[in-house]
4 protein chains.
Amino acid sequence: MSSRATPYIAVCGPGHAGASERDLARRVGALLARRGAVVVCGGLGGVMAACAEGATSAGGTVLGLLPGDDRGAGDPHLTVVVATGLGELRNGLLVTTCDALVAIGGGWGTLSEVALALRAGKPVAVLRGWELPEAAGETHRPLRVGTPEQAVEAVLGGAEPLP
Amino acid sequence: MSSRATPYIAVCGPGHAGASERDLARRVGALLARRGAVVVCGGLGGVMAACAEGATSAGGTVLGLLPGDDRGAGDPHLTVVVATGLGELRNGLLVTTCDALVAIGGGWGTLSEVALALRAGKPVAVLRGWELPEAAGETHRPLRVGTPEQAVEAVLGGAEPLP
Amino acid sequence: MSSRATPYIAVCGPGHAGASERDLARRVGALLARRGAVVVCGGLGGVMAACAEGATSAGGTVLGLLPGDDRGAGDPHLTVVVATGLGELRNGLLVTTCDALVAIGGGWGTLSEVALALRAGKPVAVLRGWELPEAAGETHRPLRVGTPEQAVEAVLGGAEPLP
Amino acid sequence: MSSRATPYIAVCGPGHAGASERDLARRVGALLARRGAVVVCGGLGGVMAACAEGATSAGGTVLGLLPGDDRGAGDPHLTVVVATGLGELRNGLLVTTCDALVAIGGGWGTLSEVALALRAGKPVAVLRGWELPEAAGETHRPLRVGTPEQAVEAVLGGAEPLP
């Protein structure tokens, strides 16, 4: 059972992802699990399935928040599945329940999660994907990182993200 | 990791509950865990905390869906916590993600969960609490049961609820 | 444009309703509109369509909160339509945004709205339908009324509900 | 009462906005109202209040979707207010219920709405603000426009957005 101090880290990325993004996601999932974090994801394929596989292969716990109302649509590596029935509003639920977020790869859905997390003042590490321009009036920024190790350090603390 | 066939059973009841209701909830939670079900609850005190304690003491998994956006408000026996930030709309989320529901004790919040589950056509076992009158135009009804064992049989199948 | 003091009153009831319930709903809608209230409903047929027709025929404003994501599914008498895409969670949204609720007729969906409104401490007038038993530990109760006029007085103030 | 063919156009932008953004929002709101569209906004200050003022000054209808559960927090120019209690998840509700979106100014909240609308395949006109890089794997793009007239033409059809 997770203690109150267990960090919950969301890993976001598209459901259709290339092999290199899926590999990055698997490594991020495994590293997060080894650091004792619960991995939160959207529960479907691509980056979501890869981070779940990585985390559970390292003995970790993965919470999947599905857009639909059928739990059976979830990736088999999820530890616990929530069939939200909220459609893309589940992206906001994922942001609300996590402490920080790692984004891997592009896509509008991923961008919505990055933006909502920044809006909520939560740390966001971008491993590969969105290079956002300066936002007028916003001081909180995503951290661009180059490796899974740097991504995990960035969201769990003690790291120096790339400038 | 839970297989796709793992049943998710919600246990609902008030956050302020008497000792006998908490005892029933603990026994329901333990029985569900022994049958391999994931227990879903609202994540706070009273019936919610008691079913979580029962389930985890039997080695089970408990998913807590909190109304607020602070995971730290969750009962310490929860395995995985979702801080929904949805307020009482999280009652609907709990119904969406479960296969069936056990209600223990009264209260308007519990009644809303019973009604939403019946609306969704999911089995509802009422162990102690709401005795609902006939609903015009509704054929789907809650099952009144007398013991934790009957409640669990009613939602996991193979049981004969009390007439 | 509605002033901040404009009351928002939800009218709830089944989408499949008999002629007498639809007639009651139409009269409640018209009376609410004449009193300057915005009528909030679930936006579909039966009691929902009837209260919308009554309110707009009296020059009032009706806000419809649909479960689906297609605005075109809304009853044509709605003034403003929100396609929530939330499924039955939109029942909770309806309760959150209203000041009080009138329930006409039975059905589990209606009961969920009654329960959520009582949970939120908002006045509920039951014109025909759910006769709820005493709820242990709950002092806030629905008001049973016998006519549309009494229902509107009960939720807009100054009325004596039937004992 | 709005017909089924009435377009619903969301106007998004930060609650703290400069005078030039507020002026653009007012003009967009007025133009949308003259074209018969219902304006949907987040219901608070800055760009949201300015587009509401513009639309109602032109005789239009404005639907405000507030993040909190207090209708009284809404801008006084709103025609109809929904107090969602959903926090930033109301950004997703705004996207679900609109046909197209005009973004004015930066900010992470605005970006989340732009991304969710693009994700849903709805037209997005960016009048001033986010210049998004190419998204890998996404063909649907926001339309960059230079004037309120171009923004309204872009979302209501018949327009040639700037290249």
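Computed from a prediction, not measured in an experiment: that's the story for all the values here.

Caption draft 1: Up close: the overall build of chain A. Within chain A, the secondary structure is distributed over five helices and seven strands. From first element to last, N terminus to C terminus, chain A shows the α and β order β-α-β-α-β-β-α-β-α-β-β-α. For chain A, the C-alpha radius of gyration of 14 Å lies close to 15 Å, the compact-globule estimate for 163 residues. Principal-axis analysis of the C-alpha atoms gives chain A an extent of 40 × 35 × 30 Å. Contacts in chain A between residues far apart in sequence, at least 24 positions, make up 53% of those at least 6 positions apart. Accessible surface computed for chain A: about 5,700 Å², of which carbon and sulfur atoms make up 50%.

Caption draft 2: Focus on the sheet that holds strand β6 (residues 124-129) of chain C. Residue and element names in this part refer to chain C. Spatially, β4-β3-β2-β1-β5-β6-β7 is the arrangement adopted by the seven strands of the open sheet, whose pairing is parallel. Only two strands of the sheet have a single neighbouring strand rather than two, namely β4 (80-83) and β7 (143-144). Here β6 runs beside β7; their pairing, made up of two bridges, is parallel. Residue pairing in the sheet places V126 in a bridge with R144 of β7. Lying on the sheet, helix α2 (residues 47-57) is in contact with β1 (8-12), β2 (38-41), β3 (62-66) and β5 (100-105); it crosses β2 at an angle near 165°.

Caption draft 3: Up close: the pattern of salt bridges. By the definition in use, this model includes 28 salt bridges over all chains. A salt bridge links E149 of chain B to R27 of chain B; the nearest nitrogen and oxygen atoms lie 3.9 Å apart. With E149 of chain B in helix α5 (residues 148-156) and R27 of chain B in helix α1 (residues 19-34), this residue pair connects regions lying 122 residues apart in the sequence. Classification of E149 of chain B by relative accessible area gives partly exposed; the value is 40%. The exposure class of R27 of chain B is partly exposed, given its relative accessible area of 35%. R71 of chain C is paired through a salt bridge with D99 of chain D; the nearest N and O atoms lie 2.9 Å apart. A residue pair is termed interchain when its members come from two chains, as with R71 of chain C in the loop between β3 and β4 and D99 of chain D in the loop between α3 (90-97) and β5 (100-104).

Caption draft 4: Structural detail: helix α4 (residues 108-119) of chain D. Along its 12 residues, α4 of chain D runs 16 Å from first to last C-alpha, staying within 8% of the 16 Å computed at 1.5 Å per residue. Burial runs high along α4 of chain D: 11 of the 12 residues are buried. Looking at the buried positions of α4 of chain D, the neighbouring elements they touch are α3 (90-97) and α4 (108-119) of chain A together with β1 (8-12), α3, β5 and β6 (124-128) of chain D. G121 of chain D occupies a position one or two residues after α4 of chain D and carries a positive phi of about 75°.

Caption draft 5: Here's a closer look at the packing of helix α4 (residues 108-119) of chain B against helix α4 (residues 108-119) of chain C. It is at 8 Å that the axes of α4 of chain B and α4 of chain C come closest, and there the two elements cross at 160°. When the axis of α4 of chain B is compared with that of α4 of chain C, the two are roughly antiparallel. In the packing of α4 of chain B onto α4 of chain C, the handedness of the crossing is left-handed. Two secondary-structure elements touch here, α4 of chain B through W108, G109, L111, S112, A115, L116, L118 and R119 of chain B and α4 of chain C through W108, G109, L111, S112, A115, L116, L118 and R119 of chain C. Split by residue class, the contact of α4 of chain B with α4 of chain C holds 10 nonpolar, four polar and two charged.

Caption draft 6: Up close: the relation of the copies chain A and chain B. Superposing chain A onto chain B takes a rotation of 180° combined with a translation of 0.0 Å along the rotation axis, leaving an RMSD of 0.0 Å. The transformation just described matches what one would write down for a two-fold rotation axis. Identified as the residue of chain A closest to the rotation axis by C-alpha distance is V80 of chain A, at 3.8 Å.

Caption draft 7: Looking closely at the pairing of strand β4 (residues 80-83) of chain B. Residues and elements named next belong to chain B. The alternating pattern of β4 places V80 and V82 on one face and V81 and A83 on the opposite face, and all of these are buried. Inspection of the sheet shows strand β3 (residues 62-66) paired to β4 by four bridges, in the parallel sense. Within β4, the position partnered with G64 by the bridge is V81.

Caption draft 8: Spatial organisation of the environment of G36 of chain B. All names here are of chain B. Tracing the backbone through its elements, the reader meets G36 in the loop between α1 and β2 (38-41). A sequence separation of 23 residues divides G36 from G59, and the C-alpha atoms of the two residues are 9.4 Å apart. Filtering out sequence-adjacent residues up to four positions away, G36 remains in contact with T6 and P7.

The rules behind each value
- Residues numbered from 1 in each chain as written.
- Chains lettered and ligands numbered in written order.
- Predicted model: local features only at pLDDT ≥ 70, side-chain atom pairs only at ≥ 80, totals over all residues.
- Heavy atoms only, no water.
- Helix = DSSP H or I, 4+ residues; strand = E, 2+ residues; numbered from the N terminus.
- Rg over C-alpha atoms; globule rule 2.2 N^0.38 Å.
- Contact = heavy atoms within 4.5 Å.
- Areas by Shrake-Rupley, 256 points an atom, 1.4 Å probe, with all protein chains shown as cover.
- Pairing = 2+ DSSP bridges.
- Axes fitted to C-alpha atoms, helices over the stretch in contact; angles between N-to-C directions.
- Salt bridge = Lys/Arg side-chain N within 4 Å of Asp/Glu carboxyl O.
- Buried < 20%, exposed > 50% of the residue type's maximum accessible area, 1.4 Å probe, protein only.
- Expected span 1.5 Å × (residues − 1).
- Parallel < 35°, antiparallel > 145°, perpendicular 65-115°, else oblique.
- Left-handed = near helix turned anticlockwise from the far one by under 90°.
- Nonpolar A, V, L, I, M, F, W, Y, C, P; charged D, E, K, R; others polar.
- Least-squares fit on C-alpha atoms with pLDDT ≥ 70 in both.

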